[in-house]
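Chain by chain, the residues run as shown.
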Protein chains: 2
Amino acid sequence: MSSASGQTYSARASKHSNALVKRLFDIAELKKTNVTVSADVTSTMELLELADCLGPHIAVIKTHVDIVSDFSNDTVVGLKRLAEKHNFLIFEDRKFIDIGNTVQKQYHGGALRISEWAHIINCSILPGGGIVEALAQVASSNDFHHGPERGLLILAEMTSKGSLATGAYTTASVDYAREYKDFVIGFISTRALTEVQSDVTSATEGEDFVVFTTGVNLSSKGDKLGQQYQTPKSAIERGADFIIAGRGIYAASDPVEAVKRYQKEGWDAYLGRVARTE
Amino acid sequence: MSSASGQTYSARASKHSNALVKRLFDIAELKKTNVTVSADVTSTMELLELADCLGPHIAVIKTHVDIVSDFSNDTVVGLKRLAEKHNFLIFEDRKFIDIGNTVQKQYHGGALRISEWAHIINCSILPGGGIVEALAQVASSNDFHHGPERGLLILAEMTSKGSLATGAYTTASVDYAREYKDFVIGFISTRALTEVQSDVTSATEGEDFVVFTTGVNLSSKGDKLGQQYQTPKSAIERGADFIIAGRGIYAASDPVEAVKRYQKEGWDAYLGRVARTE
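Numbering of residues starts from 1 in each chain and follows the order in which that chain's sequence is written. Starting at A for chains and at 1 for ligands, labels are handed out in the order in which the entities are written. Residue-level local features of this predicted model are given only where pLDDT is at least 70; pairs of side-chain atoms are given and counted only at 80 or more, and the full residue set underlies all totals for whole chains, interfaces and linings. With hydrogens and water set aside, each side-chain value is computed from the structure's full complement of heavy atoms.

**Quick word on the sheet that holds strand β2 (residues 60-63) of chain A**
Backbone-to-backbone hydrogen bonds join strands into a sheet, with any given pair of strands oriented parallel or antiparallel.
All names here are of chain A.
Logical step 1: The eight strands lie next to each other as β1-β2-β3-β4-β5-β6-β7-β8, forming a closed barrel whose pairing is parallel. Neighbour-to-neighbour, the strand axes of the sheet open up by a mean angle of 25°, direction not taken into account.
Logical step 2: The rule for pairing is simple: two strands pair if DSSP sees at least two bridges between them. Secondary structure elements are taken from DSSP: a helix is a run of H or I of four residues or more, a strand is a run of E of two residues or more, and numbering for both begins at the N terminus. For strand β1 (residues 35-38) and strand β8 (residues 242-245), the ladder comprises three bridges, and the chain directions are parallel. By the bridge assignment for β8, Thr36 is matched with Ile244. For helices, the axis comes from a line fit to the C-alpha atoms of the stretch in contact; other axes are also lines fit to C-alpha atoms, and the angle between any two N-to-C directions lies between 0 and 180 degrees.

Encoded structure:
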């Protein structure tokens, strides 16, 4: 667990140099939620209905916008409107994984216009550092107007069975995060990674990368295709700052009732973590 | 270099059990080309124009269809029509890298309808074996009618600087290819991988995975975002069966003249490889 994990979201917001992270922590504190809902539905109507009814209870909505069969300008406009209405951030879980020249075209423009509406994106560092540099370049270019409202999570670990996002791969994720820390706001990982030992970089004073943990589910242990779940409490005790839950919420018979349970469990676990550190 | 690399495309076609691989080798032999053009342009008109003028000289067109800003049904219909007209295959370089449940929705249906038009797709095995199983499930399901015309390449290595697709990652790629060999037709890699030593699997008699090598360029050594190039000849001597060239062709002042050079160099290198083995 990093030292940052023991602090309140407010305390971290007040010290953080990144405007997007400040906003994220402020949202969490204001709405008393660390829930990111993975809204893996396949039509614009379902996506917007889910965003509207879950909106009051989440800090972030996570999308795979390429699974939306009728994706159009309405999807983008609707999502942005609901993000403002309910004060949440949008995280497009694209998992960029290509050479720099390609990911720039995938992120900015293209069929899905991701840079226009997603506050947060993520990438794998399997291709090497060029991918992080290339995405950071897009966000910092002069003709891109959303720069300060954009950030990158590095996919440092995965929760699926047989994941190879371990060892040297995870360490390199931490190294690239430190190298490009103006744009990299944190990790997709199963734990805080500040304690990872690297030969290349070391944590700076007050380092505070945000940890998003996937595979959170209150009632299932996994699926038939290798996904493995844990509870909100166990994820937060391992260092998650934001818990990502998908089927446990959107596939529940009452998604609003479900998201409230995740919100309460996630928030109580966070309060417990902070209390233990004081 | 694997034993298959020393054989002609015809000989390999005649022995191969996979219908799509047979067709791929037949196309190569018939058109005397092992060129895959990476058509990284950002409009439907450019993409279709490129596919039409380069069509006679290529075995495969490789797309990143999400970079096409006006992607629509016209893109799909146009691409399929040109693939028939010029007898080439379509490879969507999506680099799937998610849990099984998600990649199924990204591959089949969704905003980009990839399963409908792409003969070949690829994935990273970073998430573990569930991703390969999930994609294979889509192609073999009863209500999917393109099954025998679909195949998967595993992204076993990358050509970008600092690539972590090495060592245990590459070995696991070979293991998963063998485990799911009905659907996995080969690799994106810089060399034939049959000789890779694994503790888990070993090559069966006559194993013949197709090798696609990226980063082929006749005049450049690399770009500013970490891509590293090699020539058609060096790629084929290392075991590439199909060479993937992008900017060296589509960004040339005369793309048709350029593709003919890649076609000749690639074909001569292939003939040389076969001759040396005889």
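**Side note on the sheet that holds strand β7 (residues 210-213) of chain B**
Logical step 1: Pairing is parallel around the closed barrel formed by eight strands, whose spatial order is β1-β2-β3-β4-β5-β6-β7-β8 (chain B). Between one strand and the next, the sheet's axes are offset by a mean angle of 25°, whatever the strand orientation.

**Things to note about the confidence of the model for chain A**
Detailed reading of the predicted model is not advised wherever pLDDT is low.
Logical step 1: Scored from 0 to 100, pLDDT reflects the predictor's confidence in each residue. On average, residues of chain A score 96 in pLDDT, and 99% of them are at 70 or above.
Logical step 2: Overall fold confidence for the complex sits at a pTM of 0.97, while the interface term, ipTM, reaches 0.97.

**Overview of the packing of aromatic side chains**
All names here are of chain A.
Logical step 1: In this analysis, rings of Phe, Tyr and Trp, with Trp reduced to its six-membered ring, are considered paired at centre separations within 6.5 Å, and the interplanar angle assigns stacked below 30 degrees, edge-to-face beyond 60, and tilted for intermediate values. The tally for this structure, following the rule as stated, stands at 20 aromatic pairs over all chains.
Logical step 2: For the ring pair Tyr9 and Tyr270, a centre distance of 4.0 Å and an interplane angle of 15° mean the geometry is stacked. A residue pair is termed long-range when its members are at least 10 positions apart, and Tyr9 in helix α1 (residues 9-15) and Tyr270 in helix α11 (residues 255-277) qualify at 261 residues. Tyr270 matches Tyr9 in its accessibility class, with the two residues each being buried.
Logical step 3: The structure contains a cluster of three or more aromatic residues connected by ring pairs, namely Tyr9, Phe25, Phe91, Phe212, Phe242, Trp267 and Tyr270. Burial classes follow relative accessibility: with a 1.4 Å probe on protein chains only, a residue under 20% of its type's maximum area counts as buried, one over 50% as exposed, and anything between as partly exposed.

**Re the packing of helix α3 (residues 44-54) of chain B against helix α4 (residues 73-86) of chain B**
All names here are of chain B.
Logical step 1: Contact geometry of α3 with α4 gives a least axis separation of 10 Å together with a crossing angle of 5°. Viewed along their axes, α3 and α4 adopt a mutual orientation that is roughly parallel. Along the contact surface, α3 presents Thr44, Leu47, Leu48, Ala51 and Asp52, while α4 presents Asp74, Thr75, Gly78, Leu79, Leu82, Lys85 and His86.
Logical step 2: Any residue that is not Ala, Val, Leu, Ile, Met, Phe, Trp, Tyr, Cys, Pro, Asp, Glu, Lys or Arg is counted as polar, Gly included; the first ten are nonpolar and the last four charged. Its residues assigned to classes, the contact of α3 with α4 shows five nonpolar, four polar and three charged. Under this scheme an angle from 65 to 115 degrees is roughly perpendicular, one under 35 degrees roughly parallel, and one over 145 degrees roughly antiparallel; angles in between are oblique. Whether two residues are in contact is decided by their heavy atoms, any of which lying within 4.5 Å being enough.

**A short note on unusual backbone geometry**
Leave glycine aside and you will find that most residues have negative phi; peptide bonds, for their part, are mostly trans.
Logical step 1: Positive phi, close to 50°, is recorded for A:Lys32, a residue that is not glycine.
Logical step 2: Among the secondary structure elements, A:Lys32 is positioned in the loop between α2 (19-31) and β1.
Logical step 3: Judged by its relative accessible area of 45%, A:Lys32 falls in the partly exposed class.
Logical step 4: Notably, B:Asn87 is not glycine yet its phi reads approximately 55°, a positive angle.

**Brief notes about the pattern of salt bridges**
Logical step 1: Here, a salt bridge means any Lys or Arg side-chain nitrogen found within 4 Å of an Asp or Glu carboxyl oxygen. Per the stated rule, a full pass over the model turns up 28 salt bridges over all chains.
Logical step 2: For A:Lys95, the salt bridge is made with B:Asp98, and the minimal N-O distance between the two is 2.8 Å. Here A:Lys95 is found in strand β3 (residues 89-96), whereas its partner B:Asp98 is found in the loop between β3 (89-96) and α5 (100-107) on a different chain.
Logical step 3: When its relative accessible area of 6% is taken as the criterion, A:Lys95 is described as buried.
Logical step 4: Across the pair A:Glu207 and A:Arg178 runs a salt bridge whose closest N-O atoms are separated by 2.8 Å. Here the residue A:Glu207 occupies a position in the loop between β6 (184-188) and β7 (210-213), and A:Arg178 occupies one in helix α8 (residues 167-179), the gap between them amounting to 29 residues.
Logical step 5: Residues joined in a network through salt bridges with shared partners are A:Arg12, A:Asp208, A:Asp241 and A:Arg273.

**Things to note about the interface of chain A and chain B**
Logical step 1: With 51 residues of chain A at the contact, the number on the chain B side is 51 residues.
Logical step 2: Reported buried area values correspond to the accessible surface (1.4 Å probe) lost by two parts on association, with both partners' losses combined. For the pair chain A and chain B, the two sides together bury roughly 3800 Å², of which 59% comes from carbon and sulfur.
Logical step 3: For the pair chain A and chain B, the interface holds four salt bridges.
Logical step 4: Residue A:Asp66 pairs with B:Arg94 through a salt bridge whose shortest N-O separation is 3.1 Å.
Logical step 5: Within 3.5 Å is the distance limit for a polar contact, defined as a pair of N or O atoms, with the added protein rule that one can donate a hydrogen and the other accept it, and that residues adjacent in sequence qualify only through two side-chain atoms. Where chain A meets chain B, there are 16 residue pairs in polar contact (both at pLDDT 80 or more).
Logical step 6: The set of elements that each furnish at least two residues to the side of chain A that touches chain B consists of β3, α5 (100-107), α7 (130-140), α8 and α10 (247-250) of chain A.
Logical step 7: Tallying contributions element by element places α5(A) first for the side of chain A that touches chain B, with six residues.
Logical step 8: Residues belonging to the side of chain A that touches chain B are distributed by class as follows: 21 nonpolar, 18 polar and twelve charged.

**Some words on the pairing of strand β6 (residues 184-188) of chain B**
Residue and element names in this part refer to chain B.
Logical step 1: In terms of burial, β6 is a largely internal element, five of the five residues being buried.
Logical step 2: As paired strands, strand β5 (residues 151-155) and β6 are joined by four bridges and run parallel to one another. Paired with Leu155 across the strands is Ile188, a residue of β6.
Logical step 3: Convention used here: a crossover is right-handed provided that the path from the first strand, over the helix, to the second strand proceeds clockwise when the strands point away from the viewer. Since β5 and β6 lie parallel, the crossover through helix α8 (residues 167-179) that links them has a hand, and here it is right-handed.
Logical step 4: Direction of pairing for β6 relative to β7: parallel, over a ladder of three bridges. Within the sheet, the bridge partner assigned to Gly186 lies in β7 and is Val210.

**Quick word on the UniProt feature "active site" (unreviewed entry) in chain A**
Residue and element names in this part refer to chain A.
Logical step 1: UniProt's entry tags Asp93, Lys95 and Asp98 with the feature "active site" (unreviewed entry), counted in the numbering of this structure. Within this annotated set, the largest cavity is lined by Asp98.
Logical step 2: Within the secondary structure, Asp93 sits in strand β3.
Logical step 3: The exposure class assigned to Asp93 is buried, which follows from its relative accessible area of 3%. UniProt positions are given in the numbering used here, feature names are shortened, and annotations may be inferred rather than shown by experiment. In this analysis, the protein atoms alone were mapped onto a 1 Å grid. Cavities are point sets where a 1.4 Å probe fits without being able to get out; pockets are open sets with protein on both sides within 12 Å along at least five of seven lines; lining residues have an atom within 4 Å of a point.

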